[in-house]
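Secondary and tertiary structure notes
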Amino acid sequence: MLTQLHDHMAEEAQQGARTDTVFVVTAVIFNLIALVASWAVASPNGTEGHRTSNDAILAVLVLVTLAINAFAVRGLLSGKDRMQRLLAGLSAMYADAGVAKYYDPALMANYRSRYTAFLGMLGVLAGAAIAVPLLWRLLA
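These notes cover the structure that comes with them. (Residues numbered from 1 in each chain as written. Predicted model: local features only at pLDDT ≥ 70, side-chain atom pairs only at ≥ 80, totals over all residues. Heavy atoms only, no water.)

Focus: the overall build of the chain
What counts here: Put simply, DSSP H or I for four residues or longer makes a helix, DSSP E for two residues or longer makes a strand, and each gets a number counted from the N terminus. Note on method: radius of gyration uses C-alpha positions; expected globular size equals 2.2 Å times residues raised to 0.38. Burial here depends on accessible area, computed with a 1.4 Å probe over protein chains only, as a share of the maximum for the residue type. Under 20% is buried, over 50% is exposed, and the range in between is partly exposed. Methods summary: accessible areas were calculated by the Shrake-Rupley approach with a probe of 1.4 Å, and residue burial reflects only the protein chains presented. By the counting scheme adopted, Arg and Lys are positive, Glu and Asp are negative, and His together with the chain ends is not counted. To locate a charge, the coordinates of NZ of Lys, CZ of Arg, CG of Asp or CD of Glu are taken.
Summing up its helical and strand segments, the chain has three helices and zero strands in all. Counting helices and strands in the order they occur from the N terminus, the chain gives α-α-α. Relative to its length of 140 residues, the chain is extended, with a C-alpha radius of gyration of 21 Å against a globular reference of 14 Å. A principal-axis box enclosing the C-alpha atoms of the chain has dimensions of 75 × 25 × 15 Å. Among the 140 residues that make up the chain, the fraction classed as buried is 28%. As presented, the chain carries roughly 8,600 Å² of accessible surface, and 69% of it is formed by carbon and sulfur atoms. Separation between the mean location of the 10 positive side-chain charges and that of the 9 negative ones in the chain comes to 5 Å.

Here you go:
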C-alpha cells in the first residue's frame, strides 16, 4: 500500500509540474503577442495620429493581459502549494520508512525559488506588455 501511495504522490507531483508548465508557457506566449499587438495598436496611424477606436482596443488588450496573468499567477500559486504539500508528505513518508537521508530537504527550497522565478518573470513580461505600448502611445 505504501508503494502505491508513493507512486500516486509522485504522479501528482509530475502532473502538477506539467500543469504549471502550461500556465507559464501560455502566459509567456500571450504576453509577447499582447506586447506586439498593443504596440501596433498604440502606434500613430500615419498623419491621422491616434484614433479613439485604437484607444478602446488598447484598453481591452490591457484588461485581457491583466486577466490572463492573474489566472496564471493564481494557477502557479496553487501549484506551489500543491507541490509543497506533496513534498512534505513524501518527506514524512521517507522519514517513517527510514530512508529520509536520501531525500535532500533543500529540494523544497529549490521548488519555492523556482515558483518565485516563474512569478517574477510573468510579472516583468506582463508589465512590459502593458507599460511599453502605453508609453509608446503617450510619447508618440
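Observations concerning the side chain of Ser43
Which entries qualify depends on this criterion: A 3.5 Å cut-off defines polar contacts: any pair of N or O atoms within that distance qualifies, except that in protein one atom must be a possible hydrogen donor and the other a possible acceptor, and neighbouring residues in sequence count only when both atoms are side-chain atoms.
Within the secondary structure layout, Ser43 lies in the loop between helix H1 (2-42) and helix H2 (52-97). Classification of Ser43 as buried rests on a relative accessible area of 18%. For Ser43, the side chain forms a polar contact with the main-chain oxygen of Trp39, separated by 2.8 Å.

A look at the packing of H1 against helix H3 (residues 106-139)
To keep it simple, the criterion reads: Fitted lines through C-alpha atoms give the axes, limited to the stretch in contact for helices. The angle between two N-to-C directions lies from 0 to 180 degrees. Each angle gets one of four labels, with under 35 degrees taken as roughly parallel, over 145 as roughly antiparallel, 65 to 115 as roughly perpendicular, and the rest as oblique. Two residues qualify as a contact provided that any one of their heavy atoms is within 4.5 Å of a heavy atom in the partner residue. Residues are grouped as follows: Ala, Val, Leu, Ile, Met, Phe, Trp, Tyr, Cys and Pro are nonpolar; Asp, Glu, Lys and Arg are charged; all remaining types, including Gly, are polar.
Contact pair H1 / H3: the axes reach a minimum separation of 8 Å and the direction vectors enclose 10 degrees. The orientation of H1 with respect to H3, classified from their angle, is roughly parallel. Facing Asp20, Val24, Ala27, Val28, Asn31, Leu32, Ala34, Leu35, Ser38, Trp39 and Ala42 of H1, the residues of H3 in contact are Tyr115, Phe118, Met121, Leu122, Leu125, Ala126, Ala128, Ala129, Val132, Pro133, Trp136 and Arg137. Each residue belonging to the contact of H1 with H3 can be placed in one class, and the counts come to 19 nonpolar, two polar and two charged.

Considering the packing of aromatic side chains
Let me state the cut-off plainly: Any Phe, Tyr or Trp ring, taking Trp's six-membered ring, that has another such ring centre within 6.5 Å forms a pair; planes under 30 degrees apart are called stacked, those over 60 apart edge-to-face, and the others tilted. The criterion is that NZ of a Lys, or CZ of an Arg, lies within 6 Å of the ring centre and within 35 degrees of the ring normal, and then a charge sits over that ring.
Here the structure, examined in full by the defined rule, presents three aromatic pairs. Across the ring face of Tyr115, the terminal group of Arg114 is positioned such that the distance to the ring centre comes to 5.3 Å.

Regarding a nonpolar patch on the surface
Our working definition: A patch consists of residues whose relative accessible area exceeds 30% and which take part in no salt bridge; residues with like charges are grouped when within 9 Å of each other, and nonpolar side chains (Val, Leu, Ile, Met, Phe, Trp, Tyr) when within 5 Å. Definition used for salt bridges: Asp or Glu carboxyl oxygen within 4 Å of a side-chain nitrogen of Lys or Arg.
Taken together, the side chains of Val25, Ile29 and Ile33 present a nonpolar region at the surface, about 270 Å² in accessible area. Summarising the element assignment, Ile29 is placed in helix H1.

Structural notes on H2
Our working definition: Multiply 1.5 Å by the residue count of a helix minus one, and that product is the helix's expected span.
Along its 46 residues, H2 runs 67 Å from first to last C-alpha, staying within 8% of the 68 Å computed at 1.5 Å per residue. Remark: Gly98 follows H2 within two positions and exhibits a positive phi of approximately 80 degrees.

So, the pattern of salt bridges
Two side chains of opposite charge can pair, provided their charged atoms sit close to one another. Applying the stated criterion across every chain yields a total of three salt bridges. The salt bridge partner of Asp55 is Arg137, with a shortest N-O separation of 2.8 Å. Taken together, the residues span a long stretch of sequence, with Asp55 in helix H2 and Arg137 in helix H3 at a distance of 82 residues. Residue Asp55 is classed as partly exposed on the basis of its relative accessible area of 30%. One salt bridge in this structure joins Asp81 and Arg85, with 3.0 Å as the shortest N-O distance. You can see Asp81 and its partner Arg85 sitting in helix H2, four residues apart, about one turn around the helix. A relative accessible area of 36% places Asp81 in the partly exposed class.

Examining the environment of Met9
Tracing the backbone through its elements, the reader meets Met9 in helix H1. Between the C-alpha atom of Met9 and that of Leu86, which follows or precedes it by 77 residues, the distance is 6.4 Å. Dropping the residues within four chain positions of it, Met9 is found in contact with Leu86, Gly89, Leu90 and Met93.

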